[in-house]
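# Residue-level structural notes
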Amino acid sequence: MSDQKTDTMESAPRGRVQLVTYPWLSVLGGLLLITYLLVMTEPALASLYPLPVQWHGVEVKYAALGLFLVLLMFDLRRYHRQHQRQKTDVKALREQVIALWQDKKQLQLKAHTYSGHADKLKLFISDKLLEYIEYDEKFLHFKSIAAEVRHNGVISFDKVQTALQRALAESGPEQAGEYRAALDAMRYLWDLLDLSTADNLALHIGNLLCECEEHYCQRLLNSDEAAPLPYEPAYAPQQAAWRALALVSPEPLPMLAPGEDYRLEEGRWYVHLAPVGQLLGKENHLVLLLENLLKNAQFFSGKRSYRSPFAPIALTLAQEQGQAVLRIYNRGPHISDEDRPNLFQLGFTTRRTREHHGRGLGLYFVNEIVKGYEGRIGVHNVHTPETRYAVRVELDDGEIITDLIEVEVVDGQPRCRTADGEPSETRDWTFRSPVLSVEVTPTGSRDTRRISDFASKGKQVRFDPGHPERPAWQLEYQPKRNAHQLGFQPLDMSGVEFEIRLPTAQLRLDGSELGRDEDIDAEVERLDERFRVPGEA
């Protein structure tokens, strides 16, 4: 019975009941039989309607009676079938009515449940709105305090700066570095207060860039007359990146030589700062941008679950198509699709741990500074790839060994698939002769990486030289007598990378950025066509 109810609920109602039709055939046959018998028995009717002589026999009468009985049985059989179908349809309709009644009761119960949830959601939203209103009030209060500090701190700042400049001029070589660092810190503090009092950070920086562009053009046009400028309109992003790195690094960094490649591979850092074209504006704004991103990377690099054998933080600077391109990689968790739209919103933070409650200001400042520079910022998740490597090992005795290693990701960790199909953390070889060189090539690629110059003693670890900022594999070599051990290990390189593109001063002067305005004009022209009057030029 329950199965029938389920089938009835799942099937759509027919909307009608089977009708029982009138027994026309048997009625018509009965009338014909009665007429025939009357004509045969009544002489008056026989004289009016004479029948053939062969129809007066007894056999014909029995045949007519038999035909009537057949028609009667046929109608009875049809009536029985139609009556059974009618009962089935009535029963199905009753079950459907019962099912609809039960569904209505369930819907009423769900409506009561959802209404309770809606009330809870309203209370939750109201609480959150109160929190945001309170946060906005605090932020406005903070801005008013910062404006008051900046307004009343001008005289104190000038006094401190003048005293430091006088001490720098009178100091010896040993103390000059400390005074110069103190002056830089005071200018950095002043620029931070300047940003904190701006109503719109992006607009404030954009206006500053327009002024710097004007001073920069005057310097280029009047190079012979070298007129003094109120402030330096351009700076080297390489120097700004080094300063930001020095602010967050717990250890002193090697000095930066202007105009040369700066590389640092030490502990938790991989840094490659190539010399690029100058940027307009204030150097401290880029320092603040990078400081926030590097501190965010440092937060995750200290977590045990995100540690790795290579440097967990990578900072690179290069020039591409006239733009200064900065990339900051960290081993933190991936950005979810839900968090991505709100990543740069004021007050939003991904640090939801008990030890740290993020204020949601760092990435907001980063995005506003990038918008002020008319640049672009992108963030993408870095995944550990599943691939195959062709490994070619050349030994000291001239023997060459080749092997194909298939790397798969198991529970988020890369593993080498062995011959028996079981995943292994490393692929190990043992040779009787020392190893001269190892070549590693991803299948389907011509990008072969060659590692040589192995030492004859001691354990040695070499990372993928093609991607030093986040190597995909490492080699471990341990030379021993008649048992030289070589191991290939794929590395977990998952993390997050921020990419920032800022137009250089030369690119802005060349007018390459005007291409954006041309694209906008073309788009406006295309949209305007829909609203033109037919025949209008």
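First, a word on scope: everything that follows refers to the structure included in this document. (Residues numbered from 1 in each chain as written. Predicted model: local features only at pLDDT ≥ 70, side-chain atom pairs only at ≥ 80, totals over all residues. Heavy atoms only, no water.)

### Let's talk about the overall build of the chain
Put simply, the test is: Secondary structure elements are taken from DSSP: a helix is a run of H or I of four residues or more, a strand is a run of E of two residues or more, and numbering for both begins at the N terminus. Categorising residues by exposure relies on relative accessible area from a 1.4 Å probe, with only protein chains included: less than 20% of the type maximum marks a residue as buried, more than 50% marks it as exposed, and the intermediate range marks it as partly exposed. When checking whether two residues touch, look at their non-hydrogen atoms; a contact exists if any pair is within 4.5 Å. Accessible surface area values rest on a Shrake-Rupley calculation with a 1.4 Å probe, where residue burial reflects the displayed protein chains alone.
Secondary structure assignment for the chain yields 12 helices and 18 strands. Among the 537 residues that make up the chain, the fraction classed as buried is 33%. In the chain, once contacts between residues fewer than 6 apart in sequence are set aside, the share between residues at least 24 apart is 63%. As presented, the chain carries roughly 34200 Å² of accessible surface, and 55% of it is formed by carbon and sulfur atoms.

### Brief notes about the nonpolar core
Which entries qualify depends on this criterion: The set of buried Ala, Val, Leu, Ile, Met, Phe, Trp, Tyr and Cys residues whose side-chain atoms join them within 4.5 Å is what this entry labels a nonpolar core.
In this structure, Leu 286, Leu 289, Leu 290 and Leu 294 are the most contacted members of the largest nonpolar core, which totals 56 residues. By residue number, the principal contributor to this core is helix α9 (residues 283-301), which donates eight residues. Not counting the four nearest positions on each side in its chain, Leu 290 is found in contact with Ala 241, Ala 244, Leu 315, Leu 326 and Ile 328. Membership of the second largest hydrophobic core comes to 29 residues, among which are Tyr 329, Val 393, Ile 401 and Cys 416.

### Things to note about unusual backbone geometry
For Asp 411, which is not a glycine, the phi torsion comes out positive at approximately 55°. Position of Asp 411 among the secondary structure elements: in the loop between β9 (400-410) and β10 (413-417). Using a relative accessible area of 78% as the deciding quantity, one classes Asp 411 as exposed.

### Things to note about the packing of aromatic side chains
Let me state the cut-off plainly: In this analysis, rings of Phe, Tyr and Trp, with Trp reduced to its six-membered ring, are considered paired at centre separations within 6.5 Å, and the interplanar angle assigns stacked below 30 degrees, edge-to-face beyond 60, and tilted for intermediate values. We count a charge as sitting over a ring when the NZ of a lysine or the CZ of an arginine lies within 6 Å of the ring centre and within 35 degrees of the ring normal.
Evaluated as defined, the whole model comprises four aromatic pairs. Residues Tyr 364 and Phe 365 carry aromatic rings whose centres are separated by 5.9 Å and whose planes lie at 50° to one another, so their mutual orientation is tilted. For Tyr 364, a relative accessible area of 19% puts it in the buried group. Look at Phe 454 and Tyr 477: their rings are 5.0 Å apart centre to centre, the planes differ by 55°, and that puts the pair in the tilted class. Here Tyr 477 lies in strand β16 (residues 473-478) and Phe 454 lies in the loop between β14 (449-452) and β15 (460-463), a separation of 23 residues in the sequence. Considered together, Phe 454 and Tyr 477 belong to a single accessibility category, that of buried residues. Members of the aromatic cluster, each reached through a chain of ring pairs, are Tyr 389, Trp 473 and Phe 488. Taking NZ or CZ as reference, Arg 470 lies 5.3 Å from the ring centre of Tyr 329, over its face.

### A few points about the environment of Gln 239
In this structure, Gln 239 sits in helix α8 (residues 237-248). Judged by relative accessible area, Gln 239 falls into the partly exposed class, the value being 28%. In this structure, the C-alpha to C-alpha distance between Gln 239 and Ala 257, residues 18 residues apart in sequence, is 9.1 Å. Apart from residues lying up to four places away in sequence, Gln 239 is in contact with Leu 256 and Glu 283.

### Some words on the sheet that holds strand β8 (residues 388-395)
What counts here: Here, strands pair whenever DSSP counts at least two bridges between them.
Spatial ordering of the open sheet is given by β11-β10-β9-β8-β13-β14, a layout of six strands whose pairing is antiparallel. Edge positions in the sheet fall to β11 (423-424) and β14, since each of these pairs with one other strand and no more. Pairing between β8 and strand β13 (residues 435-442): seven bridges, direction antiparallel. Paired with Leu 395 across the bridge in β13 is Val 435.

### Concerning helix α7 (residues 201-221)
For the record, the criterion: Multiply 1.5 Å by the residue count of a helix minus one, and that product is the helix's expected span.
Over its 21 residues, α7 extends 30 Å from the first C-alpha to the last, a length consistent with the 30 Å expected when each residue adds 1.5 Å. Among the residues of α7, Leu 201, Ala 202, Ile 205, Gly 206, Leu 208, Leu 209, Cys 212, His 215 and Tyr 216 are the ones counted as buried.

### Things to note about a nonpolar patch on the surface
Which entries qualify depends on this criterion: Patch members must show over 30% relative accessible area and no salt bridge, and they are joined within 9 Å when carrying like charges or within 5 Å when they are nonpolar side chains of Val, Leu, Ile, Met, Phe, Trp or Tyr. Any Lys or Arg side-chain nitrogen found within 4 Å of a carboxyl oxygen on Asp or Glu counts as a salt bridge.
Taken together, the side chains of Tyr 62, Leu 65, Leu 69, Leu 72, Met 73 and Leu 76 present a nonpolar region at the surface, about 600 Å² in accessible area. Mapped onto the elements, Leu 69 comes out in helix α4 (residues 58-152). Look at Leu 69 and you get partly exposed, because its relative accessible area is 45%.

### Overview of empty space enclosed by the protein
Going by this rule: The way it works is a 1 Å grid over only the protein atoms, where trapped points that fit a 1.4 Å probe form a cavity and open points with protein on both sides within 12 Å along at least five of seven lines form a pocket, and then any residue with an atom within 4 Å of a point lines it. Grid points are joined across faces, edges and corners, and a volume is the space filled by probe spheres set on the points. Ten residue types, Ala, Val, Leu, Ile, Met, Phe, Trp, Tyr, Cys and Pro, are classed as nonpolar, four, Asp, Glu, Lys and Arg, as charged, and the remainder, Gly among them, as polar.
Across all of its chains, the model carries one cavity of 30 Å³ or more by this definition. Volume-wise, the largest cavity comes out at about 30 Å³. Forming the boundary of the largest cavity are Thr 384, Pro 385, Thr 387, Tyr 389, Val 407, Pro 414, Ala 472, Pro 490 and Leu 491. Residues of the lining of the largest cavity, tallied by class, amount to seven nonpolar, two polar and no charged.

### Describing the side chain of Gln 298
Inspection of the secondary structure puts Gln 298 in helix α9. For Gln 298, a relative accessible area of 18% puts it in the buried group. Apart from the residues lying within four places of it in its own chain, the contact partners of Gln 298 are Val 248, Pro 250, Arg 268, Trp 269 and Ile 313.

### As for α9
Here α9 is 19 residues long and its end C-alpha atoms lie 27 Å apart, about the 27 Å a rise of 1.5 Å per residue gives. Of all 19 residues in α9, 17 are buried; the element is thus mostly enclosed.

### A look at the side chain of Arg 327
If you trace the backbone, Arg 327 turns up in strand β6 (residues 323-330). Here Arg 327 falls in the buried class, since its relative accessible area comes to 19%. The residues contacting Arg 327, other than those within four sequence positions of it, are Ala 314, Leu 315, Thr 316, Glu 320, Glu 497, Phe 498, Glu 499 and Arg 501.

### Describing the pairing of strand β2 (residues 262-266)
Consecutive residues of a regular strand have side chains that alternate between opposite faces of the sheet. Here β2 pairs with strand β3 (residues 269-273) via five bridges, running antiparallel. From the neighbouring strand, Tyr 262 faces β3, where its bridge partner is Leu 273. Hairpin connection, β2 to β3: the antiparallel pair is bridged by two residues, and Gly 267 has positive phi, about 65°.

### Side note on the pairing of β3
Counted residue by residue, β3 has five buried out of five residues, so it is predominantly covered. The alternating pattern of β3 places Trp 269, Val 271 and Leu 273 and Tyr 270 and His 272 on opposite faces, both of which are buried. Bridging between β3 and strand β5 (residues 313-320) involves five bridges; their strand directions are parallel. What sits directly across from Leu 273, in β5, is Leu 317.

### So, the pattern of salt bridges
Scanning the model with the defined rule gives 20 salt bridges in all. The residue Arg 243 makes a salt bridge to Glu 283 at a minimum N-O spacing of 2.9 Å. One end of the pair, Arg 243, is in helix α8; the other, Glu 283, is in helix α9, and 40 residues separate them in sequence. Where Arg 450 meets Glu 439, a salt bridge forms, and the shortest distance between an N and an O atom there is 3.5 Å. With Arg 450 in strand β14 and Glu 439 in strand β13, the pair connects residues that are 11 residues apart, well separated along the chain. Accessibility expressed as a relative area gives 48% for Arg 450, which makes it partly exposed.

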